[in-house]
Amino acid sequence: MFVQNNVHLAPHTTLQLGGEAKYFISIKTIEDLRYALEFCKNENLPFFILGGGSNTIFRDSGFPGVIFKMQIPGIRCLDSNNEYSIFQVGAGVIWDHFVEFVVKQGLAGVECLSGIPGSVGASPIQNIGAYGQEVKDSILEVECMNPSGEIISIKNQNCNFRYRNSEFKSGIYKDYIVISVTFQLYKEAAPCLRYPELQNLWETSNSENFKNGKSNLESRIQQMEMVRNLVVQLRKKKSMVLDENDPNARSAGSFFTNPILSDFEAEKFIENAKKLGFENPPIYSESPGYKKLSAAWLIENSGIQKGTKYPGGVGISDKHCLGLINIEGSTSALLKMAESVRQRVLETFFVRLEMEPVLIP
């Protein structure tokens, strides 16, 4: 392990934006992490943990401290029986490699999270979710290093997982560094088909034919792989997978989270939407007393079209209006565009959108 100086950050993010980091250290072991923390302490420098860079926005000025590039490897089976298998996975493992690994064993729990870019270590921080599934439902515990260098394991129930959030993102563990995540995945559970678009694809895919002439395990593996393939297919249609040949993929995925409103706020939103001529705006139950709106619907119906270009070499994806893309621009241009989109939605629907990716100070 060695310390690199003045490293360009753009190649380390899916947006391909950002200036230079003063220092850059690859973290492949616990010892590397301890060394890096000591280096920061001695030099009196801030640090930032970087995974796959799919949810990170660096400023054009770069980062004045130390970037820890998390690359701790390993997928280790801790337990397995007729009902489930438990795996401890290094924070640096590519998320989609882990999903592919368990799907090929016919295990259920993360199949709908296929194709999501980033690393395993980032998955509990954001409580990643897609197509009716969230990672919180498969996590048993998260192994972390606290600011004093002590390694501790935090059980699922203490992580306070919620929609795109956790104690690691905005709570008591936000200064902790994720080292590994332990997952419990199931051998008999049915594939998750709660999302209507995915369910429709499944129903027209002749999925029942997989049972013909196959053992139970072979049939299950093929069905789980099919769900994964359908999810990836859906994501590709929206340019939400990594693809160097797709200019719409130079994004941070969904740039805004779906707004969560109280029941009272939701009633006001519906009233305002009806005044604008929208009789049945999409609105979903989130938790007792709260509703969830569609950020994509809000953007499109505020008058912002897919493919819209903005000054400074940035724009809205041709495939999905939640994809704010870098064409040949800068972080400052991207942030100006994001604020313009937010303001348009706020003026139209009186709802403020919140950024999903993290802007690094």
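Notes on the structure follow. (Residues numbered from 1 in each chain as written. Predicted model: local features only at pLDDT ≥ 70, side-chain atom pairs only at ≥ 80, totals over all residues. Heavy atoms only, no water.)

### Notes on the sheet that holds strand E10 (residues 139–145)
Point 1. Pairing in this open sheet of five strands is antiparallel, and the strands run E6-E7-E12-E10-E11 from one edge to the other. The strands lining the two open edges of the sheet, one partner per strand, are strand E6 (75–80) and strand E11 (151–155). With direction set aside, neighbouring strand axes in the sheet form an average angle of 20°.
Point 2. Strand direction decides the pairing type here: E10 and E11, joined by five bridges, are antiparallel. Counted as the bridge partner of Glu 143 is Ser 153 from E11. (Pairing = 2+ DSSP bridges. Helix = DSSP H or I, 4+ residues; strand = E, 2+ residues; numbered from the N terminus. Axes fitted to C-alpha atoms, helices over the stretch in contact; angles between N-to-C directions.)

### A few points about the environment of Ile 270
Point 1. Mapping Ile 270 onto the fold places it in helix H7 (residues 263–275).
Point 2. Considered as a pair, Ile 270 and Lys 169 are 101 residues apart in the sequence and their alpha carbons are 31 Å apart.

### Some remarks on the sheet that holds strand E5 (residues 63–70)
Point 1. The strand order across the open sheet formed by four strands is E1-E2-E5-E3, and the pairing between neighbours is mixed. Sheet topology places strand E1 (3–8) and strand E3 (47–50) at the edges, where each strand pairs with a single neighbour. Direction aside, the axes of adjacent strands within the sheet are offset by 35° on average.
Point 2. Across six bridges, strand E2 (residues 20–27) lies against E5 in parallel orientation. Residue pairing for E5: Ile 25 is matched across the bridge by Phe 68.
Point 3. Most of the contacts of helix H1 (residues 30–43) go to E2, to which it runs at about 150°, and overall it touches E1, E2, E3 and E5. (Contact = heavy atoms within 4.5 Å.)

### Observations regarding the environment of Ile 49
Point 1. Here Ile 49 lies in strand E3.
Point 2. Under the relative-accessibility criterion, Ile 49 is labelled partly exposed at 28%.
Point 3. In this structure, the C-alpha to C-alpha distance between Ile 49 and Thr 13, residues 36 residues apart in sequence, is 13 Å.
Point 4. The residues touching Ile 49, leaving out its near neighbours within four places in the chain, are Phe 68, Met 70 and Ile 177. (Buried < 20%, exposed > 50% of the residue type's maximum accessible area, 1.4 Å probe, protein only.)

### Re the nonpolar core
Point 1. In this structure, Trp 95, Phe 98, Phe 183 and Leu 198 are the most contacted members of the largest nonpolar core, which totals 59 residues.
Point 2. Those residues within four positions of Phe 98 in sequence are excluded, and the remaining contacts are Ile 75, Phe 87, Val 89, Val 93, Val 120, Phe 183 and Leu 185.
Point 3. Formed by 32 residues, the second largest nonpolar core is a distinct cluster that contains Ile 57, Leu 298, Leu 322 and Leu 353. (Core = buried A, V, L, I, M, F, W, Y, C linked by side-chain atoms within 4.5 Å.)

### Overview of the pattern of salt bridges
Point 1. Under the criterion given, the structure shown has 13 salt bridges.
Point 2. Among the charged side chains, a network of salt bridges with common partners joins Glu 134, Lys 136, Asp 137 and Arg 164. (Salt bridge = Lys/Arg side-chain N within 4 Å of Asp/Glu carboxyl O.)

### Structural notes on the packing of helix H5 (residues 196–203) against helix H6 (residues 216–237)
Between two packed helices, the angle of one axis relative to the other and the distance separating the axes together describe the packing.
Point 1. Taken N-terminus to C-terminus, the directions of H5 and H6 make an angle of 125°; their axes are 10 Å apart at the nearest point. The orientation of H5 with respect to H6, classified from their angle, is oblique. Classified by chirality, the crossing of H6 by H5 is right-handed. Counted together, Glu 197, Leu 198, Leu 201 and Trp 202 of H5 and Gln 223, Met 226, Val 227, Leu 230, Val 231, Gln 233 and Leu 234 of H6 form the full contact between these two elements.
Point 2. Counted by class, the contact of H5 with H6 contains eight nonpolar, two polar and one charged residues. (Parallel < 35°, antiparallel > 145°, perpendicular 65-115°, else oblique. Left-handed = near helix turned anticlockwise from the far one by under 90°. Nonpolar A, V, L, I, M, F, W, Y, C, P; charged D, E, K, R; others polar.)

By themselves these figures say nothing about function.
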